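Coordinate analysis (summary)
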Amino acid sequence: MTNKWRPATQLVHGGTLRSQFGEMSEAIYMTQGFVYETSEAAEARFKGETEGFIYARYGSPTNDMFEKRMCMLEGAEDARATASGMAAVSAAILCQLKAGDHIVAARALFGSCRWVVETLAPKYGIECTLVDGRSLENWEKAITPKTKVFFLESPTNPTLEVVDIAGVAKLANQIGAKVVVDNVFATPLFQKPLELGAHIVVYSATKHIDGQGRCLGGIVLSDKAWIDENLSDYFRHTGPAMSPFNAWTLLKGVETLPLRVKQQAANAAKIADFLADQKQVAKVIYPGRADHPQADIIARQMKGGSTLVCFELKGGKEAAFKLQNALDVVTISNNLGDTRSLITHPATTTHKNLSEEARAELGISAGTVRLSAGIEDTDDLLEDFAQALAKVGA
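Predicted, not measured: the structure shown is a model, and the values here were computed from it.

Let us look at helix α14 (residues 316–326). Regarding α14, the residues found buried are Gly316, Ala319, Ala320, Leu323, Gln324 and Ala326. On its buried side, α14 packs onto β9 (308–313), β10 (331–332), β11 (342–344), β12 (368–372) and α16 (378–392).

In structure tokens, the structure reads:
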């Protein structure tokens, strides 16, 4: 029946393993190794002739439950849980490339993601071309005979641009390249990159999947053949494995993911509409609004808006800081996808390492602010922004 379950049911029951004790909540298997009844059994396990766990760096029962549950939600055949979102991104990209290969990446990426493709990969002889991902023509023009990977996030951090995933996947398939999608901002509930033709999906599970500010985590999802050929050995030998305790925490987090994301997105939509009418606000970008520049693509590939809102204040950095400092309910933090509403100033935090020119290319100005809506009462959030904007002044 598991294949017929809907997401809310999958995220409570999917992949559950129970020991001989019949525990209700998933068990935390805090062990680094596993015992074999005989030497022959150990040999068979290492040969892959029998199923079972070998070493926690390769996998454990708790991690296995989390991976299976996420596979059900994402519609993926296999997955590997990692210690952080950036461990997932690095693994997904580097495990399949060698010196001389070429990456085409959307320039609108989280700062650390840009560092991986723009700074780290070239150190190992892997070239990278950054493009304005909003145009399929830009992706096509950047292709070389050595292009092996397309990398993007959609919606983007922090300006909520949208990339046509199906269009990029079509280009990739024509040359035998793989599309890696960072799907954090959409969540697996609002967007299914694999269904749109992408080959690999990555998440920072720290965000919505935990969604309660408790632990770090990441995950890479794809078909079993790709993971067996590319990720398994990389994962085994470089050691980005998730802690079983974090896997257990994330298992508890995903149980409430649909409830949390529904309220977060509803709050984000109401706040976006409110901000759009305020005189201190120059512009608002939200995937659920009809005035989003790529509303047609959003309608095709997303089932909902987002829990994030990007907006620009007319008064630049001074106005942005005044607003953030005046908020009472909303907390200043660079995290996102939390039950708490969080706000940050990208130019001085998440994207501060980019040059001013690079930030301008991405549409990040001194007045740009990113809001991650939480699950608080909507009216409390609206009142909080109203009082804070009053302190910003005209």
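Moving on, we come to the environment of Ser154. Inspection of the secondary structure puts Ser154 in the loop between β4 (147–153) and α7 (165–175). In contact with Ser154, not counting residues within four places along its chain, are Glu161, Val162, Val163, Asp182, Asn183, Ala186, Gln191 and Gln301. At 2.9 Å, the side chain of Ser154 and the backbone nitrogen of Val163 are in polar contact.

A separate point is the sheet that holds β11. Spatial strand order, β8-β9-β12-β11-β10: five strands in an open sheet with mixed pairing. Two strands in the sheet have a free side with no partner beyond their single neighbour: β8 (281–285) and β10. Pairing analysis gives four bridges linking β8 to β9, with the strands arranged antiparallel. Note on β9: the bridge partner recorded for Ile285 is Cys310. Sitting on the sheet, helix α12 (residues 257–276) touches β8, β9 and β12, and the angle it makes with β9 is about 15°.

The next thing to look at is a negative patch on the surface. Taken together, the side chains of Asp377, Asp379, Asp380 and Glu383 define an acidic patch exposed on the protein surface. Along the chain, Asp377 turns up in the loop between β12 and α16. Exposure remark for Asp377: the relative accessible area of 44% places this residue in the partly exposed category.

To continue, consider the environment of Ala83. Mapping Ala83 onto the fold places it in the loop between β1 (78–82) and α4 (85–94). Note: C-alpha distance between Ala83 and Ser25 (58 residues apart in sequence) is 22 Å. Discounting residues that sit within four places of it in the chain, Ala83 has contacts with Leu216, Gly217, Gly218, Pro240, Ala241 and Met242.

Another point: the pairing of strand β6 (residues 200–204). With respect to burial, β6 is a largely interior element, five of its five residues being buried. Neither face of β6 is open: one carries Ile200, Val202 and Ser204, the other Val201 and Tyr203, and all of them are buried. By the bridge criterion, four bridges tie β6 to strand β7 (residues 218–222) in an arrangement that is antiparallel. Each bridged residue has a counterpart across the sheet, and for Val201 the counterpart in β7 is Leu221.

Turning our eyes to something else, we now look at the UniProt feature "modified residue: N6-(pyridoxal phosphate)lysine" (unreviewed entry) in the protein chain. The feature "modified residue: N6-(pyridoxal phosphate)lysine" (unreviewed entry), as annotated in UniProt, sits at Lys207 in this numbering. Tracing the backbone shows Lys207 in helix α9 (residues 206–210). Here Lys207 falls in the buried class, since its relative accessible area comes to 17%. Those residues in contact with Lys207 that sit more than four places away from it in its chain are Val184, Asn335, Leu336 and Gly337. Of note is the side chain of Lys207, whose polar atom sits 3.0 Å from the side chain of Ser204.

With omega at -5°, the peptide bond leading from Ser154 into Pro155 counts as cis. Topologically, Pro155 is positioned in the loop between β4 and α7. In this model, Asn157 is joined to Pro158 through a cis peptide bond whose omega is 5°. Non-glycine residue Leu160 carries a positive phi angle of around 60°. Looking at the secondary structure, you find Leu160 in the loop between β4 and α7.

Read from one edge to the other, the open sheet built from seven strands follows the order β1-β7-β6-β5-β4-β2-β3, with strand pairing classed as mixed. Of all the strands in the sheet, just β1 and β3 (127–131) have a single pairing partner and so form its edges. The sheet shows a mean angle of 20° between the axes of neighbouring strands, direction not considered. Set on the sheet, helix α5 (residues 111–123) makes contact with β2 (102–106), β3, β4 and β5 (178–182); between it and β3 the angle comes to about 140°. Along the sheet, α7 contacts β4 and β5; its crossing angle with β4, the most-contacted strand, is approximately 170°.

Our focus in this paragraph is the packing of aromatic side chains. Scanning all chains against the criterion turns up six aromatic pairs. Aromatic pair Trp139 and Phe150: ring centres 5.6 Å apart, planes at 45°, arrangement tilted. Of the two residues, Trp139 is situated in helix α6 (residues 136–142) and Phe150 in strand β4; the sequence distance between them amounts to eleven residues. On the basis of relative accessibility, which here comes to 0%, the residue Phe150 falls in the buried class.

Conventions and cut-offs
- Residues numbered from 1 in each chain as written.
- Predicted model: local features only at pLDDT ≥ 70, side-chain atom pairs only at ≥ 80, totals over all residues.
- Heavy atoms only, no water.
- Buried < 20%, exposed > 50% of the residue type's maximum accessible area, 1.4 Å probe, protein only.
- Helix = DSSP H or I, 4+ residues; strand = E, 2+ residues; numbered from the N terminus.
- Contact = heavy atoms within 4.5 Å.
- Polar contact = N/O pair within 3.5 Å; in protein donor to acceptor, adjacent residues only side chain to side chain.
- Pairing = 2+ DSSP bridges.
- Axes fitted to C-alpha atoms, helices over the stretch in contact; angles between N-to-C directions.
- Patch = residues over 30% accessible without salt bridge, like charges linked within 9 Å, V, L, I, M, F, W, Y side chains within 5 Å.
- Areas by Shrake-Rupley, 256 points an atom, 1.4 Å probe, with all protein chains shown as cover.
- Salt bridge = Lys/Arg side-chain N within 4 Å of Asp/Glu carboxyl O.
- Lys, Arg positive; Asp, Glu negative; His and termini not counted.
- Charge placed at Lys NZ, Arg CZ, Asp CG, Glu CD.
- UniProt positions renumbered as here; feature names shortened; annotations may be inferred.
- Phe/Tyr/Trp six-rings, centres within 6.5 Å; stacked < 30°, edge-to-face > 60°.

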